[in-house]
Amino acid sequence: MHKADSIYEDEPDRVYDFPKQYLRAAREGVADWMVYYEPLKAGGRGYFAVARIANVVPKLGYEGRYLAQIEPGSYLAFDRNVPRLLDGRPLEAVLADANGRPKSGGAQQLAVRRLPDEEFTRIVDLGLPSTLEIDEAGRYGGTVPEDTEAIALDRPTLERLTRRPFRDVAFRRRVREAYGYRCAMSGLQLRNGGGRPEVQAAHIRPVEQQGSDSVRNGLALSGTLHWMFDRGLVSVADDCQTILVSDNKVPRDIAARLISPDRKLHLPDDPRDVPHPANLAWHREHVFGQVHPDEIL
């Protein structure tokens, strides 16, 4: 269970902070997958993401607190949030009474609880349907390869969660939606003749550099600005809003045509989706201003 305003310092794609009473359950989950749930009083997203636990360690400086470290690259937000109740019945048997109605109190208050395999599979299938790649390919009248449907439907749940093409589609859909299909640096919201958004989803910290598929590790960017961002020609300042330009590599007239005049990011409406400062810091330190002599504009 995750609450954005909790006293526990959770970063869902990196670490889960919890008290000692859940230590045994968390340790039993090491090397296995978990589902994140947001209770109604905290916003009501219901089940909203999945990740794999890499390890459980004590939280330094906090007696009786522990951290479940998330396996890098395993976190993935659901394409659609899954409600706790479907047709008035909980998706978890432990939360239902003998007649299938929701219980009050008790197990539903446990911040860490065990989830049977069949319930995990059902929740993930609802949040990340096996047809996600097909849905995206045909969303704007595109052509779906003949073998795509057979391959997608044949993928077991865990294989789907670790398959890069599937994760890329899920990441792209969530990032572009979070930004309203608008480029974060230019502010433009462009669509082609078929209605397909021209904006792309850029990882701030690449997956191969232990970046996650969290929306907070993403920026919606036009194709050109995506290319420039990946090559360190543009970045974002430590105020998490001001756009930085490598002035010795990008002519001012080009920057003026591509980037909003105030050089401020157009951020998502939901504060939970804004770029994480640590991801932006990594990009500034490891990518921005790096020399690519054959790619200078």
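Everything below is about the structure shown above.
All of these numbers come straight from a predicted model, not from anything done at the bench.

S.K.: When you look at the pattern of salt bridges in this model, what are you seeing that I'm missing?
M.R.: Working definition: two side chains of opposite charge can pair if their charged atoms are close together. Taken as a whole and assessed by the stated rule, the structure comprises 25 salt bridges. The partner of Asp13 in a salt bridge is Arg14, with the nearest N and O atoms 3.9 Å apart. Asp13 gets classed as buried once you look at its relative accessible area, which sits at 12%. A salt bridge links Asp253 to Arg257, with the nearest nitrogen and oxygen atoms 3.6 Å apart. Taken as a pair, Asp253 and Arg257 lie in helix α8 (residues 252–258) at a separation of 4 residues, close to a single helical turn. According to the relative accessible area criterion, Asp253 is partly exposed, its value standing at 44%. Through salt bridges with shared partners, a single ionic network connects Asp79, Arg80, Glu136, Arg173 and Arg176.

S.K.: It is not clear to me how unusual backbone geometry should be interpreted in this structure. Could you clarify?
M.R.: Negative phi values dominate among residues other than glycine, just as trans dominates among peptide bonds. Of note, Ala31 is a non-glycine position whose phi angle comes to about 75°, a positive value. Counting through the fold element by element, Ala31 comes out in the loop between α1 (23–28) and β2 (33–38). The exposure class of Ala31 is partly exposed, given its relative accessible area of 44%.

S.K.: Which parts of the structure should I look at to understand the side chain of Ser235?
M.R.: You can see Ser235 is positioned in strand β10 (residues 234–236). In this structure the side chain of Ser235 is engaged in a polar contact, spanning 2.8 Å, whose partner is the side chain of His283. Excluding residues within four positions of it along the chain, Ser235 makes contact with Met185, Phe229, Thr242, Ile243, Leu244, His283, Arg284 and Phe288.

S.K.: Mind showing me how you'd approach the environment of Arg52 here?
M.R.: Tracing the backbone shows Arg52 in strand β3 (residues 46–58). Separated by 24 residues in the primary sequence, Arg52 and Leu76 have C-alpha atoms spaced 9.6 Å apart. Excluding residues within four positions of it along the chain, Arg52 makes contact with Ala31, Asp32, Trp33, Gln69, Ile70, Glu71 and Ser74. Within polar-contact distance, the side chain of Arg52 engages the backbone oxygen of Ala31 at 2.9 Å.

S.K.: Honestly, the nonpolar core in this entry has me stumped. Any pointers?
M.R.: Side chains of nonpolar character tend, in soluble globular proteins, to be buried together. In this structure, Met185, Leu219 and Leu221 are the most contacted members of the largest nonpolar core, which totals 30 residues. Of all elements in the fold, only α6 (164–178), β8 (200–203), β9 (218–221), α7 (223–230), β10 and β11 (243–245) reach the threshold of two or more residues within this core. Beyond its immediate sequence surroundings of up to four residues, Leu221 is in contact with Cys183, Ala184, Met185, Val199, Gln200, Ala202, His226 and Phe229. By size, the runner-up hydrophobic cluster in this structure holds 20 residues, among which are Tyr37, Phe78, Phe166 and Val169.

S.K.: Even after reading the chapter, I still don't get the packing of aromatic side chains, so can you show me in this structure?
M.R.: Two measures describe an aromatic ring pair: the distance that separates the ring centres and the angle between the ring planes. Taken as a whole and assessed by the stated rule, the structure comprises 6 aromatic pairs. When the ring of Tyr16 is compared with that of Phe18, the centres are 6.3 Å apart and the planes differ by 20°; the resulting orientation is stacked. Here the aromatic rings of Tyr37 and Tyr47 are separated by 5.0 Å at their centres, their planes lie at 50°, and the arrangement is tilted. Taken together, the residues Tyr37 in strand β2 and Tyr47 in strand β3 connect sequence positions 10 residues apart. By relative accessible area, which is 9% here, Tyr37 ends up buried. Members of the aromatic cluster, each reached through a chain of ring pairs, are Tyr16, Phe18, Tyr36, Phe48, Tyr66 and Tyr75. It is Arg45 that lies over the ring of Phe48; its NZ or CZ is 3.9 Å from the centre. Geometry around Tyr62 places Lys59 over its ring, the cationic atom sitting 4.2 Å from the centre.

Rules and cut-offs
- Residues numbered from 1 in each chain as written.
- Predicted model: local features only at pLDDT ≥ 70, side-chain atom pairs only at ≥ 80, totals over all residues.
- Heavy atoms only, no water.
- Salt bridge = Lys/Arg side-chain N within 4 Å of Asp/Glu carboxyl O.
- Buried < 20%, exposed > 50% of the residue type's maximum accessible area, 1.4 Å probe, protein only.
- Helix = DSSP H or I, 4+ residues; strand = E, 2+ residues; numbered from the N terminus.
- Polar contact = N/O pair within 3.5 Å; in protein donor to acceptor, adjacent residues only side chain to side chain.
- Contact = heavy atoms within 4.5 Å.
- Core = buried A, V, L, I, M, F, W, Y, C linked by side-chain atoms within 4.5 Å.
- Phe/Tyr/Trp six-rings, centres within 6.5 Å; stacked < 30°, edge-to-face > 60°.
- Lys NZ or Arg CZ within 6 Å of the ring centre and 35° of its normal.

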